[in-house]
Amino acid sequence: MTRSESEIAKMRLAGRVVAEMHEKLREAIRPGVTTSELNKVAAGVLEKRGARSNFLGYHGYPAVICTSPNNVIVHGIPGERRVVDGDIISLDCGAIVEGYHGDAAFTAPVGSVSAEALRLIEVTEHSLWAGIDAMWPGRRLHEIGKAVQEVAEQAGFSVVREYVGHAIGTEMHEDPQVPNYWPGAPGPMLKIGNVFAVEPMVNLGTPATRLLKDGWTVVTADGKLSAHFEHTIAVTEEGPVVLTVA
Ligand code: MF3
Ligand code: CO
């Protein structure tokens, strides 16, 4: 599906709200803060901007952000857990403005973290930008994942297979999926007006995942660290345009 310029303009508004959630969360992250306090910070931005949450109530999801520390890959539920010095934490945020969705995530260090953890964060963000750089009209969908995978694996890390990016528009999750790895066959040609949420999840150890009994929290099977970065990006005549920025 492709979106018109006016639709993309609305997604840009949603993206700006998501970027503001990120900004406020970066300020709020410190040793001792609980993940539910972080959720409140994000909810405050949605309220202030008159935006709706696309996470809250999604298949019964109980919060407006996902908070995923350390070995949690994605979809950690905010609660009374305090983040502590040396943790890393992934925060995934979304917003709906005038019926259009934005979705973006980042991973941040808490206090001082190991060099290995910092490198995981940097490589994962770099892998996202490598994927974004492939989003030109006429290139193919699989080139996004191929670029992500190359950066992550060159660094000695691994890419999660069970969870992927997605098209986004009037729903948070639209078809097609956007894998972060070579999917085994060439994908469709990218068109002007395609809008995708590209979201590499990169593990320090093996790519294997495990779902906790809460039905949401996805952790690394080996217990090692994982990082997650995501942006919502439009394919335009001039190349990729990131919508989830200030
Ligand atoms: N933002 C996640 C994604 O990138 C979805 C979160 S699911 C929710 O696809 F239930 F937590 F909202
Ligand atoms: Co997403």
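This one's a predicted model, so the numbers in the text were calculated from it and none came from an experiment.

(A) Expanded view of the side chain of His22. Position of His22 relative to the elements: it lies in helix H1 (residues 5–28). Look at His22 and you get buried, because its relative accessible area is 11%.

(B) Expanded view of the coordination of the cobalt ion (ligand 2). In this structure, Asp103 (OD), His166 (NE2), Glu199 (OE) and Glu230 (OE) serve as the protein donors to the cobalt ion (ligand 2), at separations of 2.1 to 2.3 Å. Ordering the donors of the cobalt ion (ligand 2) by residue number gives the pattern D-x62-H-x32-E-x30-E. On the criterion of sequence distance, the pair formed by His166 in strand S6 (residues 165–167) and Glu230 in the loop between strand S12 (226–228) and strand S13 (231–236) is long-range, its members being 64 residues apart. Neither residue differs from the other here; His166 and Glu230 are each classed as buried.

(C) Focus on the pattern of salt bridges. The tally for this structure, following the rule as stated, stands at 6 salt bridges. We note a salt bridge from Arg3 to Glu174, for which the minimum N-O separation is 2.9 Å. Taken together, the residues span a long stretch of sequence, with Arg3 in the segment before H1 and Glu174 in strand S7 (residues 174–178) at a distance of 171 residues. Taken individually, Arg3 and Glu174 each receive the classification buried, so the pair is uniform in this respect. For Glu153, the salt bridge is made with Arg161, and the minimal N-O distance between the two is 3.4 Å.

What counts as what
- Residues numbered from 1 in each chain as written.
- Chains lettered and ligands numbered in written order.
- Predicted model: local features only at pLDDT ≥ 70, side-chain atom pairs only at ≥ 80, totals over all residues.
- Heavy atoms only, no water.
- Helix = DSSP H or I, 4+ residues; strand = E, 2+ residues; numbered from the N terminus.
- Buried < 20%, exposed > 50% of the residue type's maximum accessible area, 1.4 Å probe, protein only.
- Donors = N, O, S within 2.8 Å, 3.2 Å for Na, K, Ca; no water.
- Salt bridge = Lys/Arg side-chain N within 4 Å of Asp/Glu carboxyl O.

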